[in-house]
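Spelled out from the first residue to the last, the chains are:
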Amino acid sequence: MSLLGRGTRAWCFAAVAAAVSFAGPRLAQAAPTAPATTVPQPRTDPNSALAHADLVRKAGAGVIDVYFIGDSITRRWGALDYPELLASFKRSFFGWNAADFAWGGDRTQNILWRLDHGELPRVAPKVFVVQAGTNNLGDFDSAEERVAAVAAGIEAIVERCRRYTPDALVVLTAVFPRRDKPELNASIAAINEKLAAYADGEHVRYLSINDRLVDSRGQLREELSKDGLHPSLAAYQIWADALRPILTERLGPPADRDAAPAPTGDPAAK
């Protein structure tokens, strides 16, 4: 016969249930919340939807060995509506089947959503070039929160690329300095320190050209950006000069022919 009577056993079960019930919410509250920068989120404006449809079609065309992903800083380099910059992109990367899949105004969470919804090609690229995060900088009042969340969002993009193609090289480009909002440059430097530490040098290679972009105040040089945010042709050339040796090392010299899909542009500019 059990040493516990029915009443005692019932009391024990009730006590255990109460303890579990009490501990459950406490454990749930203690669970860390993923920053918004890492949670995929679509853009809701019609023009972004049209651009996404164009990029999905582009992902299904041609051969893509080098895949550029980011926001307007990256987009302008390979877009139809910036013909001078597009000519630079073609000169710099012809023969490596490079294609630009960036979109202006995107935050890291928007880029993640696009990667999850059809903008990755059927045949995996051999190299990803990532440059993102600047559009998230103004979303935070606290510098500490800004640095942690933006770095996490950029790292989430890299991890998406690595998950899709574990053997690919991801070139993680530092967040560029700014002149339009110089108060953000200290946070940018701290984010880049985190990105440099995150890169393993083998599958993820950190690339910073920021020392060649800044003036004596640590701001984006006027001759390298008219608006203090977007690179000029000369700034893109600095970026290209830094990328080309990495691509040559990974892919060999550029071929005489290029099979990358045709560039896209801003649907609103059509």
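Residues numbered from 1 in each chain as written. Predicted model: local features only at pLDDT ≥ 70, side-chain atom pairs only at ≥ 80, totals over all residues. Heavy atoms only, no water.

Colleague: Help me understand the environment of Ala51 in this model?
Modeller: Looking at the secondary structure, you find Ala51 in helix H2 (residues 46-59). You can call Ala51 buried: its relative accessible area is 3%. Separated by 53 residues in sequence, Ala51 and Gly104 have C-alpha atoms that sit 9.8 Å apart. Excluding residues that lie within four positions of it along the chain, Ala51 makes contacts with Trp103 and Pro267. (Helix = DSSP H or I, 4+ residues; strand = E, 2+ residues; numbered from the N terminus. Buried < 20%, exposed > 50% of the residue type's maximum accessible area, 1.4 Å probe, protein only. Contact = heavy atoms within 4.5 Å.)

Colleague: In this structure, what is going on with the environment of Pro182? I would like to understand it.
Modeller: In this fold, Pro182 is placed in the loop between strand S4 (169-173) and helix H7 (185-198). Between the alpha carbons of Pro182 and Gln219 there is a distance of 6.4 Å; along the sequence they are 37 residues apart.

Colleague: Please explain the sheet that holds strand S5 (residues 204-207) as it appears in this structure.
Modeller: Sheet strands pair by backbone hydrogen bonding; their relative direction is either parallel or antiparallel. What the five strands build is an open sheet, ordered S2-S1-S3-S4-S5; its pairing is parallel. The strands lining the two open edges of the sheet, one partner per strand, are strand S2 (98-100) and S5. When strand polarity is set aside, the average angle formed by the axes of neighbouring strands in this sheet is 20°. Bridge count for strand S1 (residues 66-70) against S2 is three bridges, and the pairing is parallel. Residue pairing in the sheet places Val66 in a bridge with Ala98 of S2. Strands S1 and S2 of the sheet are contacted by helix H4 (residues 83-93), whose axis makes an angle of about 155° with S2. Across the sheet, H7 lies against S4 and S5, angled at about 145° from S5, the strand it touches most. (Pairing = 2+ DSSP bridges. Axes fitted to C-alpha atoms, helices over the stretch in contact; angles between N-to-C directions.)

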